[in-house]
Amino acid sequence: MIKRIVSIVLALLVATVALVAWLNLRGEDGLDSPSPAPTADTVARGAYLARAGNCMGCHTTQGGAEYAGGRGIDTPFGTVFAPNLTPDEATGLGRWTEPEFWRAMHNGRAKDGRLLYPAFPYTNFTQVSRADSAAIYAFLRSLPPVSQANRPHELRFPYDSQLSLAVWRALYFRPGSFEPDPRQAADWNRGAYLVRGLGHCSACHAERDALGGSVDELRLAGGLIPVQNWYAPGVGGGDPARFAALMKDGVSKHGSVMGPMAEVVYLSSSHLEGSDVQAMARYVASLEPAEPVKRKSKGIDASVLDLGQRIYDKHCADCHGAHGEGRDGIYPPLAGNPSVQLSAAQNTVQAILHGGFAPATPGNPRPAGMPPFTHALDEAEIAAVASFVRQAWGNSAPPVSALEVMRVR
Ligand code: HEC
Ligand code: HEC
Ligand code: HEC
């Protein structure tokens, strides 16, 4: 009896997966219609929209030809390499039609119908309008063709199969379109369209589950970026003016953007019109605030804080000020700095380990830099100084352990 039930359940499961896979794998018609030549305006609009989607960020290697692909996106399942988007016939999008490009953006499928990995954020891009997709297509066709073959992905079994992608898509992906909210102002809706669609902010600012699907992605309640170990904080309930300054200039009165967000600002948001940046900032700040993550705040040894203070006075106070007040509007304050007081400590540890620059933007053309301390200080010392800056001068955030520093390093 039990055997029978098990085999019926198994048969049903196999049938469901097969159906879903068939729906995902079958081809479509009408993809080879040629499109009329675009106007210069359309190409310029496409260039702007490609900035908003930061296509270049993933589709360009360091020092490589723009949009020629080759950059690896590290995921917990392996590395996915972004392909060549230039109009080269043999290795790029040279033979792609506009409907095929739209199907990639909207349905996550390649020219030959292959299902694409969601490291390409089509779960967001599906909200992009047909007209905007066509403008991006026109812009990409205007680029100089670069002959550069695509690198095969390096994914572990079973994630390297079309069948597992078909199942993933059945669980996490529905092609969609952006529906404006008639109760909201036009700029809120413009912000929502850019944030949910091209901006793909939820790719980092929403938590992911074990299979890499975004959880509750409309809320942008904060998420740890796997492999890179940076924490993209929750943005709901924040200050829209501070957000707009961070997104446009890379700096605000209370600190600067760092790590993966510095790249987003450098390549994408700092190039957008002020009105679009403000619309995005206004929209994300209007989201429901994330509930503060409660971390058990273990007491910390006075001797550790003491060590932290001595390290701070010796290595950090010159720039960040004796009381964490910052200096000259160049070196960010650490006292009262929201990002230093995130419950998740990864970003503070990353800053101390690797240092860095805020992005150079028209509003902040010559950002000051911070040196890395990964060689000068050991894990216990970095934990001590990180704990100190999170608790000194009225700051209140849980301390950091040497083990946490080791994990980030
Ligand atoms: C976060 C990184 C990332 C961003 C941002 C990104 N892409 Fe991609 N894209 C990828 C990866 C990775 C793939 C490969 C997916 C695969 O092969 O399954 C890809 C695949 C594609 C493909 C399919 C090409 C082919 O040869 O099959 C197109 C078209 C594309 N991207 C266009 C864009 C456009 C347009 C933008 C900006 C609006 C963009 N991408 C932004 C990572 C990205
Ligand atoms: C590649 C990952 C990534 C993407 C995509 C991304 N962010 Fe971020 N973001 C981060 C990380 C990591 C931080 C924290 C580091 C920092 O404070 O600079 C951050 C910080 C921020 C902050 C500052 C939060 C604070 O309270 O200090 C804002 C605002 C923000 N992001 C908005 C956005 C918006 C809007 C988008 C979409 C247009 C976006 N981000 C896309 C990774 C990302
Ligand atoms: C030479 C000057 C300099 C020194 C020395 C220095 N910093 Fe920094 N620090 C900076 C600058 C500039 C930034 C902003 C960098 C950026 O935005 O990428 C920064 C950023 C930070 C941040 C992130 C702040 C934010 O808003 O997210 C932390 C945390 C930090 N520093 C802690 C330290 C600690 C701890 C030390 C000593 C071990 C130290 N710094 C030493 C210049 C310095």
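Notes on the structure follow. Just so you know, these numbers come straight off a predicted model, no measurement behind them. (Residues numbered from 1 in each chain as written. Chains lettered and ligands numbered in written order. Predicted model: local features only at pLDDT ≥ 70, side-chain atom pairs only at ≥ 80, totals over all residues. Heavy atoms only, no water.)

### Digging into the overall build of the protein
Keep this limit in mind: Runs of E in the DSSP output that reach at least two residues are strands. Runs of H or I that reach at least four are helices, and both are numbered from the N terminus. As a reference, a globule follows 2.2 Å times the number of residues to the power 0.38, and the radius of gyration itself is taken over C-alpha atoms. Working definition: with a 1.4 Å probe on protein chains only, accessible area under 20% of the residue-type maximum means buried, over 50% means exposed, and in between means partly exposed. By the counting rule applied here, Lys and Arg register as positive and Asp and Glu as negative, while His and the ends of each chain are not counted. Here the site of a charge means atom NZ of a Lys, CZ of an Arg, CG of an Asp or CD of a Glu.
For the protein, the helix and strand inventory stands at 17 helices and nine strands. A globule of 409 residues ought to have a C-alpha radius of gyration of about 22 Å, and the protein, at 23 Å, matches this closely. Taken along the three principal axes of its C-alpha coordinates, the protein extends 70 × 70 × 45 Å. Looking at the protein as a whole, 44% of its 409 residues are labelled buried. Charge-centre separation for the protein: the mean point of 37 positive side chains lies 5 Å from the mean point of 38 negative side chains.

### Quick notes on unusual backbone geometry
Across the junction of Phe157 and Pro158, the peptide omega takes the value 0°, indicating a cis bond. Tracing the chain through its elements places Pro158 in the loop between β3 (154-155) and α7 (162-172). Although it is not a glycine, Tyr67 sits at a positive phi angle of roughly 65°. In this structure Tyr67 comes out as buried when scored by relative accessible area, which is 4%. Positive phi values are uncommon outside glycine, yet Asp216 reaches one of about 50°. In this fold, Asp216 is placed in the loop between α9 (202-205) and β4 (222-225).

### Description of the coordination of the iron atom of ligand 2
The condition is simple: Donor atoms are limited to N, O and S found within 2.8 Å of the metal ion, a distance that becomes 3.2 Å for Na, K and Ca. With water left out, some sites might look partial. Here the metal geometry follows the donor angles, with tetrahedral for four donors whose angles all fall between 85 and 135 degrees, square planar for four and octahedral for six when opposite donors are more than 155 degrees apart and every other angle is between 65 and 115, and irregular for all the rest.
At this site the iron atom of ligand 2 is bound by His205 (NE2) and Met261 (SD), with donor distances of 2.1 to 2.3 Å. For the iron atom of ligand 2, the six donor atoms in the first shell make angles of 88 to 180° at the metal, a pattern classed as octahedral. Linking His205 in helix α9 with Met261 in helix α11 (residues 259-267), this pair joins segments that are 56 residues apart in sequence. Met261 gets classed as partly exposed once you look at its relative accessible area, which sits at 27%.

### Focus: the side chain of Thr348
Note the following rule: Working rule for contacts: check all heavy atoms of both residues, and any pair within 4.5 Å makes them a contact.
Topologically, Thr348 is positioned in helix α15 (residues 346-354). Apart from residues no more than four positions distant in its own chain, Thr348 is found in contact with Ser339, Val340, Ala386, Val389 and Arg390.

### Considerations on the site of ligand 2
Note the cut-off: A cutoff of 4 Å decides nearness: a residue is near a molecule or strand if any of its heavy atoms lies inside that distance of it. Any pair of N or O atoms that falls within 3.5 Å is considered a polar contact. Within protein, one atom must be able to donate a hydrogen and the other to accept it, and sequence-neighbouring residues count only if both atoms are side-chain atoms. Three classes are used: nonpolar for Ala, Val, Leu, Ile, Met, Phe, Trp, Tyr, Cys and Pro, charged for Asp, Glu, Lys and Arg, and polar for all others, with Gly counted as polar.
As a matter of local geometry, ligand 2 sits amid 20 residues, with Cys201, Cys204, His205, Arg242 and Met261 nearest to it. The contact in question runs from a nitrogen atom of ligand 2 to an N or O atom on the side chain of His205, over 2.8 Å. Between an oxygen atom of ligand 2 and a side-chain N or O atom of Arg242, the distance comes to 2.6 Å. Counting residues per element, the ones that place at least two in the shell around ligand 2 are α9, β5 (230-233), α10 (240-249) and α11. In terms of residue class, the shell around ligand 2 is built from 15 nonpolar, four polar and one charged.

### Some points on α15
Within α15, eight of the nine residues are buried, which leaves it mostly tucked inside the rest of the structure. Listed in full, the buried residues belonging to α15 are Gln346, Asn347, Thr348, Val349, Gln350, Ala351, Ile352 and Leu353. Where α15 is buried, its residues touch β4, β5, β9 (369-370), α16 (379-391) and α17 (402-408). Once α15 finishes, Gly355 follows within two positions and takes phi at roughly 60°, a positive value.

### Considerations on the pattern of salt bridges
Convention followed: We count a salt bridge whenever a side-chain nitrogen from Lys or Arg sits within 4 Å of a carboxyl oxygen from Asp or Glu.
Evaluated as defined, the whole model comprises twelve salt bridges. Where Lys111 meets Glu100, a salt bridge forms, and the shortest distance between an N and an O atom there is 3.0 Å. Taken as a pair, Lys111 in the loop between α4 (98-107) and α5 (122-125) and Glu100 in helix α4 lie far apart in primary sequence, eleven residues in all.

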